[in-house]
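Summary of the model geometry
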Amino acid sequence: MLVGEVIKGVIAYCGNLAFDTGLPIDPATTRDRVTYGEDRLGVECTGIVTCIWPTVDVIRRARELGANLIISHEALFWNHGDRRDVLAHNTAFQAKLRLLDEWGGTVWCCHDYVHAGIPLADGTRADGIFYGFAEKLGWTGFRVGDTFRCLDYELSAAMTGRELARYIVQRLGA
């Protein structure tokens, strides 16, 4: 499967209504775009690394694994819209760009589509990021209110704030 086909498949899997407006996601204005390696969409995908932030460590790991596609949730260069003009003279930016050039893969930011929803086993949809968080914590059955957004939970066990913090750290492996 080609890198561009993988990206199209993820888009097809996710919802297409913007989480903030409820309107169809506009390809011209979405954050979901190739942020590096657009000229490599037609090459065979050798592996995929997913992450929230495409950090230097993530890029290095993708290279070690032989993966040529990183699907990140947030911007490649630390700012909304991935504006590179404001970073042109930043040495950290330049070093990260060199690392990307050495790796030679593609980075695609998947933000709006995954927030627009993923299909669940029961036929409903939920925000893919927050549902994944709930799943990791073992809280999917405790969602209340707007269960699509997965922001509100009613936990059955009483616990202190400190106990809750420990639980979250343990479950996330943080």
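Right above here is the structure, for reference.
So, here's what we can say about the structure. (Residues numbered from 1 in each chain as written. Predicted model: local features only at pLDDT ≥ 70, side-chain atom pairs only at ≥ 80, totals over all residues. Heavy atoms only, no water.)

**A short note on the overall build of the protein**
For the protein, the count of helices and strands is six helices and six strands. Its helices and strands taken in sequence order, the protein reads α-β-β-α-β-α-β-α-β-β-α-α from the N to the C terminus. Counting only C-alpha atoms and orienting by the principal axes, one finds that the protein spans roughly 50 × 35 × 30 Å. Looking at the protein residue by residue over its 174 residues, the buried ones come to 37%. By sequence separation, contacts in the protein at least 24 residues apart represent 57% of the contacts at least 6 residues apart. (Helix = DSSP H or I, 4+ residues; strand = E, 2+ residues; numbered from the N terminus. Buried < 20%, exposed > 50% of the residue type's maximum accessible area, 1.4 Å probe, protein only. Contact = heavy atoms within 4.5 Å.)

**Examining the state of the cysteines**
Taken as a whole and assessed by the stated rule, the structure comprises zero disulfides. Considering cysteine sulfurs only, C110 is the nearest to C14, which forms no disulfide, with 4.8 Å between them. C45 forms no disulfide, and the closest cysteine sulfur to it belongs to C51, at a distance of 14 Å. For C45, a relative accessible area of 18% translates into the label buried. (Disulfide = S-S within 2.5 Å.)

**With respect to the environment of V58**
Along the polypeptide, V58 turns up in helix α2 (residues 56-65). Residues V58 and N16, 42 residues apart in the sequence, show an inter-C-alpha distance of 27 Å. The contact partners of V58, leaving out residues within four places of it in the chain, are V49, C51, W53 and I70.

**Here's the deal with the packing of helix α5 (residues 128-137) against helix α6 (residues 161-172)**
When two helices pack together, their arrangement is captured by the angle between the axes and the distance separating the axes. For the pair α5 and α6, the least separation of the axes is 9 Å and the interaxial angle reads 100°. With respect to α6, the element α5 is oriented roughly perpendicular. Facing α5, whose interface residues are F133, E135, K136 and L137, α6 presents Y167, I168, R171 and L172. For the contact of α5 with α6, the class distribution of residues is five nonpolar, no polar and three charged. (Axes fitted to C-alpha atoms, helices over the stretch in contact; angles between N-to-C directions. Parallel < 35°, antiparallel > 145°, perpendicular 65-115°, else oblique. Nonpolar A, V, L, I, M, F, W, Y, C, P; charged D, E, K, R; others polar.)

**Here's the deal with the pairing of strand β3 (residues 69-72)**
When a strand is regular, its side chains alternate between the sheet's two faces. Burial of the side chains of β3 extends over both faces: L69 and I71 are buried on one face and I70 and S72 on the other. Two strands pair when backbone bridges link them, and strand β2 (residues 48-51) and β3 are joined in this way by four bridges, in the parallel orientation. Along β3, the bridge assignment pairs I48 with L69. With respect to chirality, the unit in which β2 leads through α2 into the neighbouring parallel β3 is right-handed. In the sheet, β3 pairs with strand β4 (residues 106-109) via four bridges, with the strands oriented parallel. Each residue of the ladder has a partner; that of I71, found in β4, is W108. With respect to chirality, the unit in which β3 leads through helix α3 (residues 91-103) into the neighbouring parallel β4 is right-handed. (Pairing = 2+ DSSP bridges. Right-handed = clockwise from strand over helix to strand, strands pointing away.)

**What to know about the pattern of salt bridges**
In this structure the tally under the stated criterion is six salt bridges. As a salt-bridge pair, E102 and R63 come within 3.5 Å of each other at their nearest N and O atoms. In this pair, E102 is assigned in helix α3 and R63 in helix α2, connecting sequence segments 39 residues apart. Where D146 meets R149, a salt bridge forms, and the shortest distance between an N and an O atom there is 3.8 Å. (Salt bridge = Lys/Arg side-chain N within 4 Å of Asp/Glu carboxyl O.)

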